[in-house]
Structure formats: C-alpha cells, structure tokens
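# Tertiary structure, described
What follows is each chain in one-letter form.
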Amino acid sequence: MPTVGAAPVAAPSAAPAVVALGGGHGLSASLSALRHLTDRLTAVVTVADDGGSSGRLRRELGGLPPGDLRMALSALCDDSEWGRTWRDVLQHRFTSEGSLHQHATGNLLIATLWELLGDEVAGLDWVGRLLGARGRVLPMAAVPLDIVADVLGLVPGAPDVLTEVRGQVAVASTTGRVANVRLLPPDPPVRPEVVEAITTADWVVLGPGSWFTSVLPHLMVPGLAQALTTTAARTCVTLNLAVQPGETDGFSAEAHLEVLAAHAPDLRVDAVLADPVAVTDVGALRSVAEAMGADLLLRTVSVGDGTPRHDALRLAAAYRDVFAAGP
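Here we summarise the structure given alongside this text. (Residues numbered from 1 in each chain as written. Predicted model: local features only at pLDDT ≥ 70, side-chain atom pairs only at ≥ 80, totals over all residues. Heavy atoms only, no water.)

Here we take up the environment of Leu267. Within the element layout of this structure, Leu267 appears in the loop between helix H11 (253-263) and strand E11 (271-274). In this structure, the C-alpha to C-alpha distance between Leu267 and Leu219, residues 48 residues apart in sequence, is 8.6 Å. Leu267 has contacts with Leu206, Leu219, Leu228, Thr229 and Leu260, leaving out every residue within four places of it along the chain. (Helix = DSSP H or I, 4+ residues; strand = E, 2+ residues; numbered from the N terminus. Contact = heavy atoms within 4.5 Å.)

Moving on, we come to the sheet that holds strand E5 (residues 136-139). Judged by pairing direction, the sheet is parallel, and its 7 strands sit side by side in the order E5-E4-E3-E9-E10-E11-E12 without closing on themselves. A single partner strand is all that each edge strand has here, and the edge strands are E5 and strand E12 (295-298). On average, adjacent strands in this sheet sit at an angle of 20° to one another, irrespective of strand direction. Sheet topology places strand E10 (residues 234-238) next to E11; 3 bridges connect them, and they run parallel. (Pairing = 2+ DSSP bridges. Axes fitted to C-alpha atoms, helices over the stretch in contact; angles between N-to-C directions.)

Bringing the side chain of Thr174 into the picture now. In this fold, Thr174 is placed in the loop between helix H7 (168-172) and strand E8 (177-184). At 3.1 Å, the side chain of Thr174 and the backbone nitrogen of Gly176 are in polar contact. Those residues in contact with Thr174 that sit more than four places away from it in its chain are Val151, Leu154, Pro245 and Gly246. (Polar contact = N/O pair within 3.5 Å; in protein donor to acceptor, adjacent residues only side chain to side chain.)

With antiparallel pairing, 3 strands are arranged side by side in an open sheet as E7-E6-E8. Bordering the open sheet on either side are strand E7 (162-166) and E8, each of which pairs with just one other strand. Averaged over all adjacent pairs, the angle separating strand axes in this sheet is 25°, with direction ignored.

As enumerated under the stated definition, the model contains 4 aromatic pairs in all. On the basis of an interplanar angle of 35° and a centroid distance of 5.2 Å, the ring pair of Trp203 and Phe323 is categorised as tilted. Remark: Phe323 occurs in helix H13 (residues 312-324) and Trp203 occurs in strand E9 (residues 203-206); sequence separation between them is 120 residues. Residue Phe323 is classed as buried on the basis of its relative accessible area, which comes to 14%. With a centroid separation of 6.1 Å and 80° between ring planes, the pair formed by Phe212 and Phe251 is classed as edge-to-face. Taken together, the positions of Phe212 in helix H9 (residues 211-215) and Phe251 in the loop between E10 and H11 put the pair 39 residues apart, joining distant regions of the chain. Here Phe212 falls in the buried class, since its relative accessible area comes to 0%. For Phe251, a relative accessible area of 15% corresponds to the buried category. One aromatic cluster is present, built from ring pairs that chain together Trp203, Tyr319 and Phe323. One residue, Arg129, lies across the ring of Trp126, its end atom 4.2 Å from the ring centre. (Phe/Tyr/Trp six-rings, centres within 6.5 Å; stacked < 30°, edge-to-face > 60°. Buried < 20%, exposed > 50% of the residue type's maximum accessible area, 1.4 Å probe, protein only. Lys NZ or Arg CZ within 6 Å of the ring centre and 35° of its normal.)

Written out as structure tokens, the structure reads:
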C-alpha cells in the first residue's frame with residue numbers, strides 16, 4: 001500500500017468513483033495522485049489545444065487535438081514494465097528534419113485509431129487497454145474547441161482596453177491579463193459517456209491546471225456544466241502551486257476561486273485543496289471558500305524542491321483526506 005510518511009493512502013475497498021477535469025500537466029498531476037486511491041477514475045479532458053503536434057494534427061486531419069488526452073492516458077498507465085514501456089512510447093517525440101519533427105508517437109497512434117474506428121471514445125479506450133490504464137479518458141466535448149479571451153494591457157498606454165485573443169496557445173502565452181474567456185463553438189456537443197461519469201461519480205475534482213485554458217473551459221460547455229451543477233457528486237477544487245504568467249499573473253489564491261465563481265455561479269463546491277506555499281492570506285482564502293460553501297484543506301502537496309510541481313503521493317494523501325471528510 002503506497003504511503004506518505006505515516007499516513008497510508010486509502011484502501012481500494014473504500015475506493016470512490018472520481019471524475020477529474022482539466023488538461024495538460026495539471027490534469028496529469030491529479031490523475032497520478034488519484035490513481036493511488038481508486039480504479040473507478042475518469043478523466044474528462046480539454047480539447048482546445050491548437051499548438052505543437054496536437055495543433056498540426058488538428059489542422060491537417062480536422063479532428064480533436066490528441067495531446068492532452070495522450071498525457072492523461074500516460075498518467076493512468078499500469079505500474080508494470082508493460083505499462084511503463086507503453087507510456088514511454090506514447091510520450092516519445094521524434095526528432096528529424098522532416099514533417100515528423102516533434103510529433104508525439106501517442107498523438108499519431110490515437111489519431112490512427114480514430115480514423116480506423118470512427119469513434120474518439122472507442123479509440124481512447126483501446127489505448128487505455130494497451131497501457132493497462134487505471135481509469136478511463138474522455139474528451140470534454142465531441143468537437144474541437146477554440147478558446148477566446150478578452151485581455152487587458154495589450155494596447156500601449158491603454159491598460160483598461162480589452163483585446164480579443166483567440167487560441168489556447170495565444171491565450172496561455174499572452175503578456176496581458178486575462179479578464180474572461182469563452183468557447184467557440186459556444187454550445188458544443190458532449191459525449192453521453194461524460195455525462196454518465198459525472199452523474200454517477202462520488203467526487204468531481206477540478207484543477208489544478210492553467211486556470212483559463214484548462215480548468216474554466218469545462219464550465220462553459222452547456223451540457224457539461226449542467227451535469228456538474230446537477231450531479232449528487234461532491235466537488236473538490238485543487239488550487240495551483242504558482243500563478244501562470246499572462247493567465248493568472250498577480251492572482252491570489254482566493255482570486256482563482258472568485259474567477260471560478262464568476263464563470264460558474266451555480267457550481268457547488270464542497271472542498272478547496274491548497275498548498276500553504278501558494279497561499280498568502282489564509283483568512284481571505286478561507287473566507288472565499290466558505291462563501292462558496294466549501295471547506296478549506298491546507299496540505300503540503302509539492303515536491304519540496306522549490307519548483308511548482310506536485311508530488312503524486314503527497315497529493316494522493318491530501319485527496320484521501322478530502323474524501324474522508326465527506327458525509
């Protein structure tokens with residue numbers, strides 16, 4: 001049984017059904033932790049990536065960008081030699097002077113299965129079987145999305161003027177301050193498997209991750225937002241270890257919650273998990289969390305070397321405490 005210090009990670013017999021939402025490295029962090037607590041795990045992943053290998057495949061083939069989905073599958077791989085080897089295969093990137101340069105093998109494999117099977121979820125399930133994945137990976141929407149942001153501070157001498165920035169990469173790398181985001185198309189279809197997973201879950205975990213481009217977009221898909229606001233599952237919001245330049249530069253921990261509440265006023269939040277290293281004013285954060293109806297849990301979940309990276313076992317122990325505090 002995995003442990004963190006003297007605190008054991010939850011036993012499989014008590015395993016809850018958990019849905020984790022996000023994308024990129026943030027979702028990988030939560031999945032790498034949650035897989036120690038339960039096999040009843042579903043990742044619901046953003047599909048707005050327009051950069052790198054994913055963006056190239058999206059533009060060339062017209063389908064969903066596979067990169068964040070690949071990273072989620074890799075985080076759920078089995079701990080055996082088989083699982084670790086196939087995880088490394090999925091994550092491998094080619095180095096060449098030609099068109100394969102920086103393409104991830106897993107992106108090509110996923111795109112191949114999608115073409116052969118004609119079904120994105122079936123293709124992801126096949127990759128999960130290959131990896132021995134401890135959970136399931138689903139796309140947030142059934143069509144690729146574009147993120148559009150209104151950004152302050154991009155016009156010289158006019159800090160209060162809003163500029164529209166389009167595309168996940170452009171929004172994530174903006175030098176201005178993001179005021180709000182929206183999706184195109186504004187009403188994308190949601191896979192029924194996503195709604196079913198959320199409806200039957202015990203817990204929904206939102207974050208960590210890029211706040212405006214990986215976390216909040218889930219709440220802007222109408223069918224997904226409805227499932228999140230009507231499910232009987234309890235919701236845990238995991239705050240980031242550090243701000244992200246452009247997206248959340250200058251944000252306090254409590255500001256992340258305030259932005260979340262502004263974008264999803266009907267979302268019920270039961271727990272907020274934060275690392276003390278990322279909290280400047282505990283009282284202010286607790287006040288905002290309680291105003292949302294949530295309990296605040298402060299736990300050390302970073303690797304401890306000064307870099308803003310999550311330790312999988314520490315984060316697993318923190319989630320164990322969150323789930324144990326439920327009714």
